[in-house]
Amino acid sequence: QQPVQSPQAVILREGEDAVINCSSSKALYSVHWYRQKHGEAPVFLMILLKGGEQKGHDKISASFNEKKQQSSLYLTASQLSYSGTYFCGTEDGGYQKVTFGTGTKLQVIP
Amino acid sequence: SQTIHQWPATLVQPVGSPLSLECTVEGTSNPNLYWYRQAAGRGLQLLFYSVGIGQISSEVPQNLSASRPQDRQFILSSKKLLLSDSGFYLCAWTLGGTKNIQYFGAGTRLSVL
C-alpha cells in the first residue's frame, strides 16, 4: 500500500519552516526522501534506516520512527530552490523495491 | 561515475501503435533496474523491476511489458498503446543491498493520441 503524505500542498515564504509527514500501514525497513522539480526526474535527498535515526543535509533534515511507521522531513529557513514536489519512499525489507508516497507539493515564494 | 540514459525524451504516438522505450546504465555492473510511470500531477507508480538479466517482476497488470536483454539495458514495450498509457515514464537503477537508493533517468514524456 502507498504511504500517505501530509500536507498535500504547502506554500511558504522564503525563510519559513515546513514539515512534511509520511505514514505507512506496513512495518518499514527504511524511508527515502526525494524532491522532484516540475518536468524533471526525482532526485534523492536522503535515506533513513530503521533504528530511529535522524539525518540532516544543509537545512533539510528528517526523522524516522519505525514503531509508528512514520517519517518526517524538516525544511528550515526555506529557499526558493526548495520548491518542488517531495516524495517519501518506503521499503519493507522485501524485494528491493521502493513504494513512493502520495507526494507533497511545496512552493516557496519571495 | 554511474550514469543512466533514457530515450526518447518525448514521444507522441497514436492509439494502437507499438511502443519501445530504452534505458541503459553505465559505470556499474549488475544493477537493479526499474520502470515507473507518473500521470500528470500524480505520484510514482512502479511498473516493473529487474534484479538480473531476464528476471522481470511485474507490479501492475496492464498493457505493457518489460525485458532485460543485457545487464545494463532495460526496455519497456507495448504492442498496442491505449490512451491511458500516456504519462511520464522514468527508468531508475540501484545497487540494491541495504540502501536501495533510486537514481532516475531524465524520463520520457509519452502522449498517446
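As a reminder, the structure under discussion sits directly above these lines.
In short, a report on the structure. Predicted model only: the values in this text are computed from it and were never measured.

Quick look at the pattern of salt bridges
Now for step 1: By the definition in use, this model includes 3 salt bridges over all chains.
Now for step 2: For the salt bridge of Glu59(B) with Lys97(A), the shortest nitrogen-to-oxygen distance reads 2.8 Å. On the criterion of chain membership, the pair formed by Glu59(B) in the loop between strand E6 (55-58) and strand E7 (65-70) and Lys97(A) in the loop between strand E9 (84-91) and strand E10 (99-100) is interchain, its members lying in two chains.
Now for step 3: Glu59(B) gets classed as partly exposed once you look at its relative accessible area, which sits at 29%.
Now for step 4: Judged by relative accessible area, which is 22%, Lys97(A) ranks as partly exposed.
Now for step 5: Between Asp71(B) and Arg68(B) there is a salt bridge whose closest N-O contact spans 3.3 Å.

Describing the interface of chain B and chain A
Now for step 1: Listed per partner, the contact involves 23 residues of chain B and 18 residues of chain A.
Now for step 2: Roughly 1,700 Å² is buried in total at the junction of chain B and chain A, and carbon and sulfur atoms are behind 58% of that figure.
Now for step 3: Counting across the chain B and chain A interface gives 1 salt bridge.
Now for step 4: On the surface where chain B and chain A come into contact, there are 3 residue pairs in polar contact (both at pLDDT 80 or more).
Now for step 5: Listing elements by their share of the side of chain B that touches chain A, those giving two or more residues are strand E4 (32-38), strand E5 (45-52) and strand E9 (87-94) of chain B.
Now for step 6: Of the residues forming the side of chain B that touches chain A, the biggest block, 4 residues, is contributed by E4(B).
Now for step 7: Among the residues forming the side of chain B that touches chain A, the class breakdown is 10 nonpolar, 9 polar and 4 charged.

With respect to the sheet that holds strand E3 (residues 19-26) of chain B
Hydrogen bonds along the backbone pair up the strands of a sheet, which may run parallel or antiparallel.
All names here are of chain B.
Now for step 1: One open sheet holds the 4 strands; their spatial order is E1-E3-E8-E7, and the pairing between them is antiparallel. In this open sheet, the two strands that pair with only one neighbour each are strand E1 (3-7) and E7. On average, adjacent strands in this sheet sit at an angle of 20° to one another, irrespective of strand direction.
Now for step 2: Strand direction decides the pairing type here: E3 and strand E8 (residues 73-78), joined by 6 bridges, are antiparallel. When the sheet's bridge partners are listed, Glu22 is paired in E8 with Ile75.

Here we look at the environment of Ser30(A)
Residues and elements named next belong to chain A.
Now for step 1: Among the structural elements, Ser30 can be located in strand E4 (residues 30-36).
Now for step 2: Judged by its relative accessible area of 0%, Ser30 is buried.
Now for step 3: For Ser30 and Gln69, which are 39 residues apart along the polypeptide, the C-alpha to C-alpha distance reads 9.8 Å.
Now for step 4: With sequence-adjacent residues up to four places away left out, Ser30 is seen in contact with Ile47, Leu48, Leu49, Phe64, Gly89, Thr90 and Glu91.

Here's the deal with the nonpolar core
Now for step 1: Membership of the largest hydrophobic core comes to 21 residues, with the highest contact counts inside it found for Trp33(A), Met46(A), Leu73(A), Leu75(A), Tyr82(A), Tyr86(A) and Leu106(A).
Now for step 2: For this core, the secondary structure elements donating two or more residues are strand E2 (9-13), strand E3 (18-23), E4, strand E5 (43-49), strand E7 (60-65), strand E8 (70-75), E9 and strand E11 (104-109) of chain A.
Now for step 3: What Tyr86(A) contacts, discounting residues up to four positions off in sequence, is Gln5(A), Ile20(A), Tyr34(A), Arg35(A), Leu45(A), Leu73(A), Leu75(A), Gly103(A), Thr104(A) and Leu106(A).
Now for step 4: By size, the runner-up hydrophobic cluster in this structure holds 20 residues, among which are Ile4(B), Leu47(B), Ala66(B) and Leu81(B).

Scoring rules and cut-offs
Residues numbered from 1 in each chain as written. Chains lettered and ligands numbered in written order. Predicted model: local features only at pLDDT ≥ 70, side-chain atom pairs only at ≥ 80, totals over all residues. Heavy atoms only, no water. Salt bridge = Lys/Arg side-chain N within 4 Å of Asp/Glu carboxyl O. Helix = DSSP H or I, 4+ residues; strand = E, 2+ residues; numbered from the N terminus. Buried < 20%, exposed > 50% of the residue type's maximum accessible area, 1.4 Å probe, protein only. Contact = heavy atoms within 4.5 Å. Buried area = accessible area lost by both parts, 1.4 Å probe. Polar contact = N/O pair within 3.5 Å; in protein donor to acceptor, adjacent residues only side chain to side chain. Nonpolar A, V, L, I, M, F, W, Y, C, P; charged D, E, K, R; others polar. Pairing = 2+ DSSP bridges. Axes fitted to C-alpha atoms, helices over the stretch in contact; angles between N-to-C directions. Core = buried A, V, L, I, M, F, W, Y, C linked by side-chain atoms within 4.5 Å.

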